[in-house]
Amino acid sequence: MKTFPAAALGGLSALVGVSARPEYQLLIPNGRANGQATGHFGGPGAFRWSFAAAGYVWTTALCELDTDGDGQSNGLELGDPCCVWSPGAEESSLIGFSTADITLPGDASKMTGRSMPSCVPDPPPPPPAPPPPPSLPVNPPPSPPPPPRAPPPSPPPGVPLGTPARPPSPASPPPSPAPLAPPPLPPPPPAPPPS
């Protein structure tokens, strides 16, 4: 730890300890962009004191804070305006993240030219439309197959299988009616009288 006499720090009568820690640069977005000036610049409300008060952790509260009072949040000045960065994050996938025009969040005379982006993620795409209802077929469906034929009748008992069935013999014709007797002959004419 380096210590400086109070006269070198603005005439304070006590000795003040200042610790330079390069590893802190890895704990804030774009921490190496401005080198140690990121944490060592500014007065009593400087970013370094806010960072220490946050336990040296990049929090949403620290990101949204404007420690130098210039009207820009610490996150906007350090390239994380949406406060989504974390150590080791894949920066290209972070909403609004930038590595350009990084300024000092503890110096009100240094402001970024970037404006605050919309931090609302794009809505997910809508679900696919339901499939259309099935349309009527162009050709009507085939008609159902005909019912199966009745099996042939079983042969009468005692007839071996495979013997062709004989057609039933016709029934004997009914007996013919008895011939009708001829009608009776008319009576013979009367005999002529004897002469």
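Overview of the overall build of the chain
Line of reasoning, step 1. Broken down by element type, the chain carries 4 helices and 2 strands.
Line of reasoning, step 2. Counting helices and strands in the order they occur from the N terminus, the chain gives β-β-α-α-α-α.
Line of reasoning, step 3. Each of the 195 residues in the chain was classed as buried or not, and the buried ones make up 21%.
Line of reasoning, step 4. Expressed as a percentage of contacts within the chain between residues at least 6 apart in sequence, the contacts between residues at least 24 apart total 45%.
Line of reasoning, step 5. On the chain, roughly 14,800 Å² of surface is accessible, and the fraction owed to carbon and sulfur atoms is 67%.

Overview of the packing of aromatic side chains
Line of reasoning, step 1. Scanning all chains against the criterion turns up 5 aromatic pairs.
Line of reasoning, step 2. With a centroid separation of 5.9 Å and 10° between ring planes, the pair formed by Phe47 and Phe51 is classed as stacked. On the criterion of helical spacing, the pair formed by Phe47 and Phe51 is a turn pair, its members being 4 residues apart in helix α2 (residues 47–53).
Line of reasoning, step 3. When the ring of Phe51 is compared with that of Tyr56, the centres are 5.3 Å apart and the planes differ by 90°; the resulting orientation is edge-to-face.
Line of reasoning, step 4. Given a relative accessible area of 6%, Phe51 falls into the buried group.
Line of reasoning, step 5. These aromatic residues form a ring-pair network of at least three members: Tyr24, Phe47, Phe51, Tyr56 and Trp58.

Notes on the state of the cysteines
Line of reasoning, step 1. Per the stated rule, a full pass over the model turns up 2 disulfides.
Line of reasoning, step 2. Two residues share a disulfide in this structure: Cys63 and Cys83, whose sulfurs sit 2.1 Å from each other. On the sign convention where negative means left-handed, the S-S torsion of about -85° between Cys63 and Cys83 marks this disulfide as left-handed. Of the two residues, Cys63 sits in helix α3 (residues 60–64) while Cys83 sits in the segment after α4 (74–77), which places them 20 residues apart along the sequence. For the pair shown, Cys63 and Cys83 are each scored as buried.
Line of reasoning, step 3. For Cys82, the disulfide goes to Cys119, at an S-S distance of 2.0 Å. Across the S-S bond of Cys82 and Cys119 the torsion is about -85°, and the bridge reads as left-handed. In this pair, Cys82 is assigned in the segment after α4 and Cys119 in the segment after α4, connecting sequence segments 37 residues apart.
Line of reasoning, step 4. We classify Cys82 as buried; its relative accessible area is 12%.

Some remarks on the side chain of Gln72
Line of reasoning, step 1. Inspection of the secondary structure assignment puts Gln72 in the loop between α3 and α4.
Line of reasoning, step 2. On the basis of relative accessible area, Gln72 is assigned to the buried category, the value being 8%.
Line of reasoning, step 3. Excluding residues that lie within four positions of it along the chain, Gln72 makes contacts with Asp66, Glu77, Met111, Thr112 and Arg114.

Observations concerning the nonpolar core
Line of reasoning, step 1. Counting residues in each nonpolar core, the largest one holds 12 residues, listed as Ile28, Phe47, Phe51, Trp58, Leu62, Cys63, Leu78, Cys83, Trp85, Leu94, Phe97 and Ile102.
Line of reasoning, step 2. Excluding its chain neighbours within four sequence positions, the residues that come into contact with Leu78 are Ile28, Pro29, Asn30, Thr38, Phe47, Trp58, Ser98, Ile102, Thr103, Pro105 and Arg114.

Looking at the confidence of the model for the chain
Line of reasoning, step 1. For the chain, mean pLDDT is 77; residues scoring 70 or higher make up 71% of the total.
Line of reasoning, step 2. Between the elements of the chain, mean pLDDT differs from a low of 37, seen in strand β1 (residues 2–4), to a high of 95, seen in α3.
Line of reasoning, step 3. Here residues 1–18 scores under 50 on pLDDT; set against residues more than four positions off or in separate chains, the count is 20 contacts.

Quick notes on the rules
Residues numbered from 1 in each chain as written. Predicted model: local features only at pLDDT ≥ 70, side-chain atom pairs only at ≥ 80, totals over all residues. Heavy atoms only, no water. Helix = DSSP H or I, 4+ residues; strand = E, 2+ residues; numbered from the N terminus. Buried < 20%, exposed > 50% of the residue type's maximum accessible area, 1.4 Å probe, protein only. Contact = heavy atoms within 4.5 Å. Areas by Shrake-Rupley, 256 points an atom, 1.4 Å probe, with all protein chains shown as cover. Phe/Tyr/Trp six-rings, centres within 6.5 Å; stacked < 30°, edge-to-face > 60°. Disulfide = S-S within 2.5 Å. Core = buried A, V, L, I, M, F, W, Y, C linked by side-chain atoms within 4.5 Å. pLDDT = per-residue confidence, 0-100.

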